[in-house]
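Each chain, written out:
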Amino acid sequence: MKKVVGRKEKFGSSSKREARFFGKGILFASPWLIGFVCFILLPVCLAFYYSFTDYNLFNEPAWVGLKNYKDAFKDQYVWKGLKNTLYMVVISPIVGMVVSLLLALLLNQKNIPGLPFFRTVFYLPSLVPVVASVMLLTWLLNGHYGLVNQILGLIGIEGPAWLNDPKYTKISLMIMDAWRCGGTMIIYLAALRSVPASLYEAAELDGANGIKKFFHITVPCISPTIEFNVIMSMIGAFQYFTQGMLLVSVGGNQINGGPGNSLLFYNLYLYQNAFSYFKMGYACALAVLLFLIVMVTTALTRKLSDRIVNYDVE
């Protein structure tokens, strides 16, 4: 009987100690929890509520039900912005993956002198703020005196009006994104370093060349990293805003999305509705739709990638 009571007391003191530790953990985490509730959870809930209202920041919100969502499906600028955004979502991650992976492969070589210097040089552009990168882009890709067109002119090629031609505006932004791929490059470089050297040695004994080793060893081993970078790039492309905002002028009562509205990204149109036209309820509806689109796209990408991503590599 004493043993049973002793065990109960032991278990009781253990549960009290765990509860005390839990309380202390919550106390230490409270700054983050308060910030999460005030600046993430509450704004998301309010945006969902305002999406069903007619709200302009100055008057009380008036309930309109699904009107904002119905108007969004009829709005031609919503579809134009979604089209431009999807262009970046599909193309930009592929370009960024190819460039950053090639750089990582080059910087993973062991017989190249000065590798730390080159790694620093290729990583530095990712530290440049987006605003400064766009200002540099406008100078480099200027159709009249830009450095890129001057270099093309030296070899007899007439450069296009990069930032004034709807055919090249998004290509110009992808060039800038590829230049700023240092962060992704570092992630790929870390993944390449984790590939077992024994696999390459066994492949060399079987007579495999560099291309076969890349596609049959390197790619399967780093496929989880490729999946992660592609998904993060897609989510970032869905949120494309700053670059388009800096390249077009926003104001007045007209939609401005650059040449031929080629830079009217979904988030830019959302911003215009919220802070230029003060249609906050409509902008919240667009934000909710964007959240649903990103969530569905990410889930589909994860589902499709499960068939080709290899998680068994140690």
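Just so it is clear, the model here is predicted, and its values are computed rather than measured.

S.K.: Would you mind going over the overall build of the chain with me for this structure?
M.R.: Looking only at helices and strands, the chain features 14 helices and 2 strands. Its C-alpha atoms give the chain a radius of gyration of 26 Å, more than 25% over the compact-globule value 20 Å for 314 residues. The contacts of the chain with a sequence gap of at least 6 include a subset with a gap of at least 24, amounting to 64%. Charged side chains in the chain number 26 positive and 16 negative. The centres of these two groups are separated by 10 Å.

S.K.: Can you help me understand the side chain of N149 in this one?
M.R.: Positionally, N149 belongs in helix α6 (residues 147–154). In this structure, N149 is in contact with L140, N142, G143, G159, P160 and W162, ignoring residues within four places of it in sequence.

S.K.: I'm lost on the nonpolar core in this one. Help?
M.R.: It is characteristic of soluble globular proteins that their nonpolar side chains tend to be buried jointly. M88, L173, Y266 and L286 are the most contacted members of the largest nonpolar core, which totals 41 residues. Mapped onto this core, the elements with two or more residues apiece are α1 (2–50), α2 (67–74), α3 (76–107), α5 (130–140), α7 (169–179), α11 (223–238), α13 (266–276) and α14 (280–305). The element best represented in this core is α14, accounting for 10 residues. Leaving out residues up to four positions away in the same chain, L173 has contacts with M88, L137, Y240, Q243, L247, L263 and F265. In this structure, L103, M185, V195 and I217 belong to the second largest nonpolar core, which totals 17 residues.

Quick notes on the rules
- Residues numbered from 1 in each chain as written.
- Predicted model: local features only at pLDDT ≥ 70, side-chain atom pairs only at ≥ 80, totals over all residues.
- Heavy atoms only, no water.
- Helix = DSSP H or I, 4+ residues; strand = E, 2+ residues; numbered from the N terminus.
- Rg over C-alpha atoms; globule rule 2.2 N^0.38 Å.
- Contact = heavy atoms within 4.5 Å.
- Lys, Arg positive; Asp, Glu negative; His and termini not counted.
- Charge placed at Lys NZ, Arg CZ, Asp CG, Glu CD.
- Core = buried A, V, L, I, M, F, W, Y, C linked by side-chain atoms within 4.5 Å.
- Buried < 20%, exposed > 50% of the residue type's maximum accessible area, 1.4 Å probe, protein only.

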